[in-house]
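Descriptive structure summary
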Amino acid sequence: MSETTPSLALPLLAAAQAQKHVTHNEALLLLDAAVQLAVLDRTRTTPPSTPLAGDRHIVADGAGGDWAGQSGAVALHDGTGWRFLFPRPGWRAQVVAEGRSVGFDGIAWRDALATSLSGAGVGLRVEEIEVDLAGAAVTTGLVIPDRAICLAVASRTLVAVTGASAYRVGTAGEPGKFGDELGAAVGATNIGVIGPQAFYADTPVVVTAIGGAFTGGRLRLALTTLAFTAPDGPAPEPSTGRAVLAGLEAEGVRRVLSGRLPDDSHSPLSGKAS
């Protein structure tokens, strides 16, 4: 009989096993990490300096330190060290720092609603920015990407607009594309739905004053697009999905746990990095 479950590699209790609570608690810890998976971020290559118990991150490519060799894994801090869960195709995770969901396709985590076997995909993205208003127009840092389909730009007035009686939201070539004569008072909103329309160059969103130049005010803008990725080239075999502690070794080899060989009451998972 296998020592672990087939999907999440949770350790199983053995007949007449001593210290059953150790194996049981190990399984609960890994299950707690994998269920309702939400990671703090997916861009780190080294662990944070002051992690909290329960913190989870998707390890970025080129990781080092305690995360060396764990690219693509979910790193979990258990309060004393790092453990790693290796995803299976179909896993999904919410990335808190980005406010978006990503899926694992067997090769990589992708920001996509759907993907092909070669990694081509389509993703629904929402980007948000706050803009301070000054002058006749403001070219914002909110950019419609090249080769994306724009669905809408929504706006909310956070701080009352002064100097201008109203404003437009659009692009340099079409100043009112996402809304015209928009309200200057705090709380005024607009959902500027368009086409949808494909864009073939990076295109900044522009806010233009009406009735005079801006002397103050702040807006929050949200851009919604469909973004696309091309198929990948040759790729390694998809991950089978495993949950382990830090430090990989070959299958079937017993690992060192906290500096000693585990006895039969411990899960056959690898050593932990503190």
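Residues numbered from 1 in each chain as written. Predicted model: local features only at pLDDT ≥ 70, side-chain atom pairs only at ≥ 80, totals over all residues. Heavy atoms only, no water.

A few points about the sheet that holds strand β8 (residues 114–115)
Taken together, five strands build an open sheet; the order of strands is β8-β9-β16-β11-β14 and the sheet is antiparallel. On the outer flanks of this sheet lie β8 and β14 (189–199), each paired with one strand and no other. Across eight bridges, the pairing between strand β11 (residues 148–162) and β14 is antiparallel. Each bridged residue has a counterpart across the sheet, and for alanine 154 the counterpart in β14 is isoleucine 191. (Pairing = 2+ DSSP bridges. Helix = DSSP H or I, 4+ residues; strand = E, 2+ residues; numbered from the N terminus.)

Concerning the pattern of salt bridges
Considering all chains together, one arrives at 17 salt bridges under this definition. We note a salt bridge from arginine 125 to aspartate 111, for which the minimum N-O separation is 3.0 Å. Here arginine 125, found in strand β9 (residues 121–132), pairs with aspartate 111, found in the loop between β7 (109–110) and β8; they are 14 residues apart in sequence, far enough to count as distant. A relative accessible area of 13% means that aspartate 111 is categorised as buried. For glutamate 174, the salt bridge goes to lysine 177, with nearest N and O atoms at 3.2 Å. A cluster of three or more residues bridged by salt bridges with shared partners is formed by Arg42, Glu98, Arg100, Asp111, Arg125 and Glu127. (Salt bridge = Lys/Arg side-chain N within 4 Å of Asp/Glu carboxyl O. Buried < 20%, exposed > 50% of the residue type's maximum accessible area, 1.4 Å probe, protein only.)

Regarding the packing of aromatic side chains
Applying the stated criterion to the full structure yields two aromatic pairs. With a centroid separation of 5.2 Å and an interplanar angle of 85°, the aromatic rings of tryptophan 67 and tryptophan 82 are classed as edge-to-face. Taken as a pair, tryptophan 67 in the loop between β2 (56–58) and β3 (74–77) and tryptophan 82 in strand β4 (residues 82–86) lie far apart in primary sequence, 15 residues in all. Accessibility expressed as a relative area gives 0% for tryptophan 67, which makes it buried. When its relative accessible area of 3% is taken as the criterion, tryptophan 82 is described as buried. Ring centres of phenylalanine 104 and tryptophan 109 lie 5.4 Å apart, and the angle between their planes is 55°; on these two criteria the pair is classed as tilted. Across this residue pair, the class does not change: phenylalanine 104 and tryptophan 109 are buried. (Phe/Tyr/Trp six-rings, centres within 6.5 Å; stacked < 30°, edge-to-face > 60°.)

Details of the confidence of the model for the protein
Of the residues in the protein, 85% have a pLDDT of 70 or more, and the chain-wide mean is 85. Every residue in residues 239–272 scores below 50 in pLDDT, and together they form 91 contacts with partners more than four places removed in sequence or on other chains. (pLDDT = per-residue confidence, 0-100. Contact = heavy atoms within 4.5 Å.)

Overview of the sheet that holds β7
Read across the open sheet, the four strands follow the order β1-β5-β6-β7; overall the sheet is mixed. This sheet does not close on itself; its edge strands, each paired only once, are β1 (38–39) and β7. Here two bridges tie strand β6 (residues 100–104) to β7, and the two strands are oriented antiparallel to one another. By the bridge assignment, glycine 103 is partnered in β7 with arginine 110.

Digging into the side chain of histidine 57
The topology assignment puts histidine 57 in strand β2. In terms of polar contacts, histidine 57 uses its side chain to reach the side chain of aspartate 41, at 2.9 Å. Sequence-distant contacts of histidine 57, that is, excluding residues within four places in its chain, are made with Val39, Leu40, Asp41, Arg44, Pro48, Trp67, Ala73, Val74, Ala75 and Trp82. (Polar contact = N/O pair within 3.5 Å; in protein donor to acceptor, adjacent residues only side chain to side chain.)

Examining the environment of leucine 10
In this structure, leucine 10 sits in the segment before α1 (20–34). Since its relative accessible area comes to 12%, leucine 10 is described here as buried. The sequence separation of leucine 10 and leucine 29 amounts to 19 residues, and the corresponding C-alpha distance is 9.3 Å. Excluding residues that lie within four positions of it along the chain, leucine 10 makes contacts with Glu3, Thr4, Thr5, Ala27, Leu30 and Leu31.

What about unusual backbone geometry?
That bond from glycine 195 to proline 196 is cis: its omega, 5°, falls within 30 degrees of zero. Look at glutamine 19: it is not a glycine, yet its phi comes out positive at around 50°. Counting through the fold element by element, glutamine 19 comes out in the segment before α1. Note on glutamine 19: relative accessible area 42%, which makes it partly exposed.

Let's talk about the environment of glycine 99
With respect to the helices and strands, glycine 99 occurs in the loop between β5 (92–95) and β6. For glycine 99, a relative accessible area of 55% translates into the label exposed. For the pair formed by glycine 99 and leucine 40, sequence separation is 59 residues and the distance between their alpha carbons is 9.9 Å.

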